[in-house]
Amino acid sequence: MPGFVSIREVGPRDGLQNEEPIPTEAKVRLLDALSRTGVGRIEAVSFVHPKAIPQMADADEVWRRAEQTEGVRYSALVPNTRGAHRALAAGFTEIEVVVSASDTHNRRNVNRSTEESLDDIAELVELLHHAGARAEVIIATSFGCPYEGDIDPVRVAGIVDRVVRDGADRVAFGDTTGMATPRRVRELVTAVRDRDAHLPLLLHFHNTRGAALANLLTAIELGVTEFDASVGGLGGCPYAPGASGNLATEEAVHLLHDMGVDTGIDLAALIEVAELAEELVGRSLPSGVLRAGPRTRLTALPG
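Here's a quick rundown of the structure. Within any chain, residue numbers begin from 1 and follow the written order of that chain's sequence. Totals for whole chains, interfaces and linings use all residues, but because this is a predicted model, local features are given only for residues with pLDDT of at least 70 and pairs of side-chain atoms are given and counted only at 80 or more. Remark: hydrogens and water are excluded; side-chain values derive from all non-hydrogen atoms of the structure.

1. Let's talk about helix α10 (residues 249–258)
- Counting buried residues in α10 gives seven out of ten residues, a clear majority hidden from the surface.
- Here the term buried applies to any residue with accessible area under 20% of the maximum for its type, exposed to any over 50%, and partly exposed to those in between, with areas from a 1.4 Å probe on protein chains only. Secondary structure elements are defined from DSSP: runs of H or I of at least 4 residues count as helices, runs of E of at least 2 residues count as strands, and each element is numbered from the N terminus. When α10 is considered as a whole, its buried residues turn out to be T249, E250, E251, A252, V253, H254 and L256.
- Here, residues are in contact when the closest pair of their heavy atoms is within 4.5 Å. The inward-facing, buried residues of α10 abut β1 (6–9), α9 (212–221), β8 (226–229), α11 (267–281) and α12 (288–292).
- Among the residues trailing α10, G260 stands out with phi positive, at a value near 85 degrees.

Right under this line is the structure:
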């Protein structure tokens, strides 16, 4: 087991964009509370067109009002060059862009083929580097597509080859609809590592089918030490109605700490933020650790 695993908290962006819109003030409260848990990285906002993702329409205002705690690395997601300019103007130096491994999913998302999006991303990476920012390419539907089914790991590895050649600083793999299993995690990570053993990888799991923690442990066994997670399990999936959201941050931290793996995160503080997140979105969140508490929480005997 590694001594340290880095978790990027994605609740303020990926989590909230799948929830009913909440007020700007509530988003700032959540972001600031997460910044005080010891988490080292937070995906804060996305700069997308408000008609596409109305939940992120106030991204500029949220970021202006956030505390921006020293020592926390904040990132933003952008869909295109226009979004990149907004993110750069707001002061972000770590910026993510998404392409789908599935051509069908990519066309549904942005009305372009995967190849066309990769051409756009090449230009966007150049823009970001010229501005002194780092570019992370997130490959969505890496483990399966709700329209096409299984995605060949060789296809995903080929996309990795292309974005690395075009200058991407980091590559992330998105389990967009929770289709990953430990077997498929092993196949994909092995296919990518066979081509580039030292490429920084980050994995993003959804818990749609209850496999997120098992997938995380499999990836750790393969040497991956960077993951996304969302406080309380915030979020869901528009392509899997009724499905749970991302891997809950406190569930990942609880498991890792019990295994002797450090995350730098205060679990008790994180659970308090999960309670806040539940209050802000006005619904019960799926995290088991939020419901039951850590395994060290004891029950008093009657009387």
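2. Comments concerning the packing of aromatic side chains
- The rule is short: rings of Phe, Tyr and Trp, with Trp giving its six-membered ring, pair when the centres are within 6.5 Å, and they are stacked under 30 degrees, edge-to-face over 60, tilted in between. Going through the model one piece at a time under the given rule, you end up with four aromatic pairs.
- A ring pair is formed by F143 and F205, whose centres lie 5.9 Å apart and whose planes are at 40 degrees; its orientation type is tilted. Placement of F143 in the loop between β5 (134–140) and α7 (153–165) and of F205 in the loop between β7 (201–204) and α9 is noted, with a sequence separation of 62 residues between them.
- Look at F143 and you get buried, because its relative accessible area is 4%.

3. Remarks on the pattern of salt bridges
- For this analysis, a salt bridge means a side-chain nitrogen from Lys or Arg found within 4 Å of a carboxyl oxygen belonging to Asp or Glu. Counted according to the given criterion, the structure contains 27 salt bridges.
- Across the pair E96 and R8 runs a salt bridge whose closest N-O atoms are separated by 3.2 Å. With a gap of 88 residues between them, E96 in strand β4 (residues 94–100) and R8 in strand β1 connect regions that are remote in the sequence.
- With a relative accessible area of 1%, E96 lands in the buried category.
- Here D161 makes a salt bridge to R195, at a shortest N to O gap of 2.2 Å. One end of the pair, D161, is in helix α7; the other, R195, is in the loop between α8 (182–193) and β7, and 34 residues separate them in sequence.
- Residue D161 is classed as partly exposed on the basis of its relative accessible area, which comes to 29%.
- By relative accessible area, R195 is classed as partly exposed at 44%.
- Taken together, the shared-partner salt bridges connect R8, R41, R73, E94, E96, E136, R170, E226 and D228 into one network.

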